[in-house]
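# A look at the structure
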Amino acid sequence: DQQVKQNSPSLSVQEGRISILNCDYTNSMFDYFLWYKKYPAEGPTFLISISSIKDKNEDGRFTVFLNKSAKHLSLHIVPSQPGDSAVYFCAASKLAGSARQLTFGSGTQLTVLP
Amino acid sequence: DVKVTQSSRYLVKRTGEKVFLECVQDMDHENMFWYRQDPGLGLRLIYFSYDVKMKEKGDIPEGYSVSREKKERFSLILESASTNQTSMYLCASSFGLAGKRHEQFFGPGTRLTVL
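Looking now at the sheet that holds strand 8 (residues 73-78) of chain B. All names here are of chain B. Within the open sheet, the four strands sit side by side as 1-3-8-7. Their pairing is antiparallel. Two strands close off the open sheet at either side, each with one partner strand: strand 1 (4-6) and strand 7 (64-70). Pairwise comparison of adjacent strand axes, ignoring direction, gives a mean angle of 20° for this sheet. Pairing geometry for strand 7 and strand 8, over five bridges, is antiparallel. Bridge assignment links Lys70 to a residue of strand 8, and that residue is Arg73.

Have a look at this one:
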């Protein structure tokens, strides 16, 4: 039972245009959401996050939107650059036992074409 | 900068061998995690530890065990490796519940192949 879903395995966009990556979740206990970026042969690196009490968070070219009623979040990258080409993972955080745990989606491969 | 290091980038083992994967973090983080990453499945949590000698099962603990004898070090053990444990293994660390940051910091990963 996948609690965090990224339904698009891949996405291609032209350099300079907007990239929109989507993520859906099912568990109402998640109260914090994160996006990670992963290059081949490297570990994921944290990109941006949002608390469930907010609906938008911006950091430079990256903006994350949260729609709690729809249990949906999205990552916008504007403008997209070739160096943004990577796998993007959505993750949802909840308190479980003695630590906060992350549940990850299956990832979306973003390719930014020059 | 947070640094999480893993003992090997690539490892090849035979079926039935005992395998140790080591992870070290230098940020005095309370929590440490082991994940495996497989195509189309994302990252799945195997085990985590919230303190020295403390551990909890993740979503897929079968066939694995862990050890945390020191705060900075977290080991993943495959008691008897099987071919279905061929995967990318990722270690991560994070602040404890008192910290305000939620993100986990990842190591570079170990690509394990079991023949």
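For the structure shown, the criterion picks out two disulfides over all chains. Between the sulfur atoms of Cys23(A) and its disulfide partner Cys90(A) the distance amounts to 2.0 Å. Taking the torsion about the sulfur-sulfur bond, which here is approximately -70°, the covalent link between Cys23(A) and Cys90(A) counts as left-handed. Linking Cys23(A) in strand 3 (residues 19-25) with Cys90(A) in strand 9 (residues 86-96), this pair joins segments that are 67 residues apart in sequence. On the basis of relative accessibility, which here comes to 1%, the residue Cys90(A) falls in the buried class. One disulfide in the model links Cys23(B) with Cys91(B); its S-S distance is 1.9 Å. Around the S-S axis, the bridge from Cys23(B) to Cys91(B) shows a dihedral of about -80° and counts as left-handed. Taken as a pair, Cys23(B) in strand 3 (residues 19-25) and Cys91(B) in strand 9 (residues 87-94) lie far apart in primary sequence, 68 residues in all. Both residues of the pair, Cys23(B) and Cys91(B), count as buried.

Okay, the interface of chain A and chain B next. Many analyses report the size of an interface as the accessible area lost when the parts associate. Between chain A and chain B, the residue contacts involve 22 residues of the former and 22 residues of the latter. Carbon and sulfur atoms supply 62% of the area that chain A and chain B bury against each other, a total of about 1,900 Å² over both sides. By the criterion of area lost to chain B, the three top residues of chain A are Ser98(A), Arg100(A) and Phe104(A), representing 25% of everything that side buries. At the junction of chain A and chain B, the tally comes to three residue pairs in polar contact (both at pLDDT 80 or more). Broken down by secondary-structure element, the contributors of at least two residues to the side of chain A that touches chain B are strand 4 (32-38), strand 9 and strand 10 (99-104) of chain A. Tallying contributions element by element places strand 10 of chain A first for the side of chain A that touches chain B, with five residues. Class assignment for the residues of the side of chain A that touches chain B results in twelve nonpolar, seven polar and three charged.

All right, on to the pairing of strand 7 (residues 62-67) of chain A then. Residues and elements named next belong to chain A. Here strand 6 (residues 56-59) pairs with strand 7 via four bridges, running antiparallel. Looking at the pairing, Asp59 lines up with Phe62 of strand 7. Connecting strand 6 to the antiparallel partner strand 7 that follows it, the hairpin turn spans two residues, and Gly60 within it adopts a positive phi of roughly 65°. Examined bridge by bridge, strand 7 and strand 8 (residues 72-77) share six bridges and lie antiparallel to one another. Across the sheet, residue Phe65 finds its bridge partner in strand 8, namely Ser74.

Criteria and thresholds
- Residues numbered from 1 in each chain as written.
- Chains lettered and ligands numbered in written order.
- Predicted model: local features only at pLDDT ≥ 70, side-chain atom pairs only at ≥ 80, totals over all residues.
- Heavy atoms only, no water.
- Pairing = 2+ DSSP bridges.
- Helix = DSSP H or I, 4+ residues; strand = E, 2+ residues; numbered from the N terminus.
- Axes fitted to C-alpha atoms, helices over the stretch in contact; angles between N-to-C directions.
- Disulfide = S-S within 2.5 Å.
- Buried < 20%, exposed > 50% of the residue type's maximum accessible area, 1.4 Å probe, protein only.
- Contact = heavy atoms within 4.5 Å.
- Buried area = accessible area lost by both parts, 1.4 Å probe.
- Polar contact = N/O pair within 3.5 Å; in protein donor to acceptor, adjacent residues only side chain to side chain.
- Nonpolar A, V, L, I, M, F, W, Y, C, P; charged D, E, K, R; others polar.

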